[in-house]
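# Observations on the model geometry
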Amino acid sequence: GRITLTELLRRGYDKGLEVYDVTSPSKPVRVAQWDLTPECGSGEPMVLVHGVGTSRRIWDPVLPRLAATRRRVIAVDLPGFGGTPPAGAGFELGAVADRVMELAGVARFDLVGHSLGGAVAVALADRHPEAVRGLVLVAPAGLAPRPPRIAGALGALAAPTGELRRVLGGPFAA
């Protein structure tokens with residue numbers, strides 16, 4: 001079943017609720033945005049890592065349901081996506097995995113990675129096995145290493161893609 005906004009507020013999930021006005025060409029619009037991260041729910045931590053071309057906001061539709069299972073759900077922006085600055089030049093998987101570990105802010109957790117986030121999740125689990133209790137990969141990328149030139153080119157595209165999504169807004173917004 002569905003969980004209503006009223007029910008979530010009653011359960012104490014009121015952190016991160018923002019209401020603001022947006023000026024559009026046709027008329028002003030009042031927007032309510034519920035940013036449930038980085039702390040949604042309570043219990044055993046679960047860290048969610050998004051894929052390429054999006055941000056942690058891709059997890060928003062499932063955060064309340066995951067939190068309702070008595071989990072502390074933490075959705076992070078990959079470095080260079082959303083509101084997180086890059087971890088360095090290009091997109092070096094090890095550096096990105098280390099940065100995601102820092103962004104998670106917890107010592108031990110279950111880890112879910114989607115698409116590019118799956119590749120980062122595998123690298124994080126390899127570099128920090130003591131931290132990752134369980135690993136779930138959803139349509140993962142990167143199970144075969146990419147040559148440094150290709151990895152660098154993909155990393156170079158990350159920032160302009162994110163900026164384009166912010167400028168275009170609407171269905172493209174991160």
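Residues numbered from 1 in each chain as written. Predicted model: local features only at pLDDT ≥ 70, side-chain atom pairs only at ≥ 80, totals over all residues. Heavy atoms only, no water.

### Description of the packing of helix H3 (residues 93-104) against helix H4 (residues 116-127)
For the pair H3 and H4, interaxial distance at closest approach is 8 Å and the crossing angle is 80°. Considered as vectors, H3 and H4 are oriented roughly perpendicular to each other. Between H3, through Leu93, Gly94, Val96, Ala97, Asp98, Val100 and Met101, and H4, the contact on the second element is made entirely by Ala119, Val120, Ala123, Leu124 and Arg127. Considered class by class, the residues forming the contact of H3 with H4 number 9 nonpolar, 1 polar and 2 charged. (Axes fitted to C-alpha atoms, helices over the stretch in contact; angles between N-to-C directions. Helix = DSSP H or I, 4+ residues; strand = E, 2+ residues; numbered from the N terminus. Parallel < 35°, antiparallel > 145°, perpendicular 65-115°, else oblique. Contact = heavy atoms within 4.5 Å. Nonpolar A, V, L, I, M, F, W, Y, C, P; charged D, E, K, R; others polar.)

### Concerning the pattern of salt bridges
The tally for this structure, following the rule as stated, stands at 7 salt bridges. Between Asp60 and Arg57 there is a salt bridge whose closest N-O contact spans 2.5 Å. With relative accessibility at 17%, the residue Asp60 sits in the buried group. Residues Asp98 and Arg127 are paired through a salt bridge, measuring 2.6 Å at the closest nitrogen-oxygen approach. Residue Asp98 is located in helix H3, and its partner Arg127 is located in helix H4; the two are separated by 29 residues in the primary sequence. (Salt bridge = Lys/Arg side-chain N within 4 Å of Asp/Glu carboxyl O. Buried < 20%, exposed > 50% of the residue type's maximum accessible area, 1.4 Å probe, protein only.)

### What about H4?
Helix length check: H4, at 12 residues, gives a terminal C-alpha distance of 17 Å against a target of 16 Å (1.5 Å per residue), a fit within 8%. Within H4, 9 of the 12 residues are buried, leaving the element largely enclosed by the surrounding structure. Residues of H4 that are buried: Leu116, Gly117, Gly118, Ala119, Val120, Ala121, Ala123, Leu124 and Ala125. In the core, the buried residues of H4 are packed alongside strand E3 (44-49), H3, strand E5 (109-114) and strand E6 (132-138). (Expected span 1.5 Å × (residues − 1).)

### Some points on the nonpolar core
The nonpolar side chains of soluble globular proteins are, as a tendency, buried together. Core analysis: the biggest nonpolar cluster contains 23 residues, and Val47, Leu78 and Phe109 have the highest contact counts within it. For this core, the elements supplying multiple residues, two or more each, are E3, strand E4 (71-76), H3, E5 and H4. Sorting elements by how many residues they give to this core places H4 first, with 6 residues. When near neighbours in sequence (up to four residues on either side) are disregarded, Phe109 contacts Pro45, Val47, Met101, Ala104, Leu124, Ala131, Val132, Arg133 and Gly134. Formed by 9 residues, the second largest nonpolar core is a distinct cluster that contains Cys40, Met46, Ala67 and Val73. (Core = buried A, V, L, I, M, F, W, Y, C linked by side-chain atoms within 4.5 Å.)

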